[in-house]
Amino acid sequence: MRTDLDHLPAAKRHELAAIVRILFAEFEDALAGRNAPHRKAGRILKIILFGSYARGDWVADPVGGYYSDYDLLVVVNHDELADVTEYWAQADDHLLREQTVTGKLRTPVNFIVHSLSDVNAQLKRGRPFFVDIVRDGIALYEAPDHPFEQAKPLSPEAALAEARGYFDEWLPTANNYLALGQQARDQSMRKEAVFLLHQAAERYYHCTSLVVTLYSPKSHKLNFLRSQAERLVPKLIEAWPRDTRFSQRSFELLRRAYVDARYSPHYRVADEELAWLTERVSILSELVRLTCEARLSR
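The structure contained in this document is the topic of the report that follows. (Residues numbered from 1 in each chain as written. Predicted model: local features only at pLDDT ≥ 70, side-chain atom pairs only at ≥ 80, totals over all residues. Heavy atoms only, no water.)

## Notes on the packing of aromatic side chains
On inspection of all chains with the given rule, the structure shows 13 aromatic pairs. Relative to Trp 58, the ring of Tyr 53 lies with its centre 5.0 Å away and its plane at 15 degrees, an arrangement referred to as stacked. In this structure Tyr 53 comes out as buried when scored by relative accessible area, which is 2%. Every member of this aromatic cluster is reached through a ring pair, and the members are Phe 50, Phe 129, Phe 130 and Tyr 215. Sitting over the face of the ring of Phe 148, Lys 46 holds its NZ or CZ atom 4.7 Å from the ring centroid. The ring of Phe 251 has Arg 226 sitting right over it, with the charged end atom 3.7 Å from the ring centre. (Phe/Tyr/Trp six-rings, centres within 6.5 Å; stacked < 30°, edge-to-face > 60°. Buried < 20%, exposed > 50% of the residue type's maximum accessible area, 1.4 Å probe, protein only. Lys NZ or Arg CZ within 6 Å of the ring centre and 35° of its normal.)

Now the structure itself:
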């Protein structure tokens, strides 16, 4: 794989080096005290930068409020060690803290974790998401003697059948959550409405990623899913204006709704914010439908 970062400014290279250090440190802490042999022998085998910062077409738009994120694939040596909640929650919190509190990181970080055996299985099945990462990604760290398998081509017929199956499954359920959210809003059930809108948006993003790449990360983090889908289909950026504090705050309320709208007595969403969120998720639904139908037709 490529290892060069010469196309990135020095500040970006320093940030990525700091991110790698954080991932290693937090993973070591997560393994501390674990007695199972595969846990004690747990290792990070690869950390790969992919997406816009690997390709060199990242975006920094202070006027529109859109900035590209770092996208990273972390490869570990055992399937269980890819459990994000069990082994990687501290790393996720640490990276977010360095961005939002200390300001040491100026660029948001999204990372996914898979075992080497899983990635190789995906390559053998011709999954475009992983094929693209291996082809275009940049190794920030790579342990010796743990190569990826040679990718095998996936026939257009097989890809179409799988993508259509995802579309037929995910879009209707997303539409159902949107309709339920609209009904809850009409009945002044604000918390329930915003939670249902979160579920709709989450499913629209999963639908997009699955139809385009036959893969979507197993996550409820809406900002992460949005970033991944917008990387694949930049037109989806139109669903969420980022140029005002109101729009930024409203999306943050939607992002938090997965947990806080259900469990926090302090969570509040105003009628104006809820109306805006309903409108934007409706716009997202149409953009996703058009995107996926165009993809399937090709």
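## Comments concerning the pairing of strand β4 (residues 70-76)
Of all the seven residues making up β4, seven are buried; the element is thus mostly covered by neighbouring parts of the structure. Here six bridges tie strand β1 (residues 44-50) to β4, and the two strands are oriented antiparallel to one another. Following the sheet pairing, Lys 46 is matched in β4 by Val 75. Bridge count for β4 against strand β5 (residues 109-115) is seven bridges, and the pairing is parallel. Among the inter-strand pairings, Val 75 is bridged to a residue of β5, identified as His 114. For the handedness criterion, the β-α-β arrangement of β4, helix α4 (residues 84-100) and β5 is classed as right-handed. (Helix = DSSP H or I, 4+ residues; strand = E, 2+ residues; numbered from the N terminus. Pairing = 2+ DSSP bridges. Right-handed = clockwise from strand over helix to strand, strands pointing away.)

## Details of helix α5 (residues 116-124)
Every buried residue of α5 is listed here: Leu 116, Val 119, Asn 120, Gln 122 and Leu 123. The arc that holds the buried residues of α5, viewed along the axis, is 160 degrees, so those residues lie on one side. Against β1, β4, β5 and α6 (128-136) lie the buried residues of α5. (Arc of directions from axis to C-beta. Contact = heavy atoms within 4.5 Å.)

## Digging into the sheet that holds β4
The four strands are arranged β5-β4-β1-β6 in an open sheet whose pairing can be described as mixed. Since the sheet does not close on itself, it has two edges, and those belong to β5 and β6 (138-142), each with one partner. On average, each strand axis in the sheet is inclined to that of its neighbour by 20 degrees, with strand direction left out of account. Of the strands in this sheet, β1, β4 and β5 are in contact with α4, which crosses β5 at around 165 degrees. Sheet strands touched by α6: β1, β4, β5 and β6. Its angle to β1, the strand with the most contacts, is close to 90 degrees. (Axes fitted to C-alpha atoms, helices over the stretch in contact; angles between N-to-C directions.)

## Remarks on empty space enclosed by the protein
Under the counting rule described, the total for this entry stands at one cavity of 30 Å³ or more. Roughly 30 Å³ of volume is contained in the largest cavity. Lining the largest cavity are Phe 129, Ser 209, Thr 213, Tyr 215, Ser 216, Pro 217, Gln 228, Arg 231 and Leu 232. For the lining of the largest cavity, the secondary structure elements donating two or more residues are α8 (190-213) and α9 (222-232). Ranked by the residues each element gives to the lining of the largest cavity, the list is headed by α9, at three residues. Its residues assigned to classes, the lining of the largest cavity comprises four nonpolar, four polar and one charged. (1 Å grid on protein atoms, 1.4 Å probe; cavity = no way out; pocket = protein on both sides within 12 Å on 5 of 7 lines; lining within 4 Å. Points joined across faces, edges and corners; volume = space filled by probe spheres on them. Nonpolar A, V, L, I, M, F, W, Y, C, P; charged D, E, K, R; others polar.)

## Description of the packing of α9 against helix α10 (residues 245-256)
The geometry of α9 relative to α10 is characterised by a closest axis approach of 9 Å and an angle of 110 degrees between their N-to-C directions. For the element pair α9 / α10, the angle class is roughly perpendicular. Facing α9, whose interface residues are Leu 222, Asn 223 and Arg 226, α10 presents Phe 251, Leu 254 and Arg 255. Residues belonging to the contact of α9 with α10 are distributed by class as follows: three nonpolar, one polar and two charged. (Parallel < 35°, antiparallel > 145°, perpendicular 65-115°, else oblique.)

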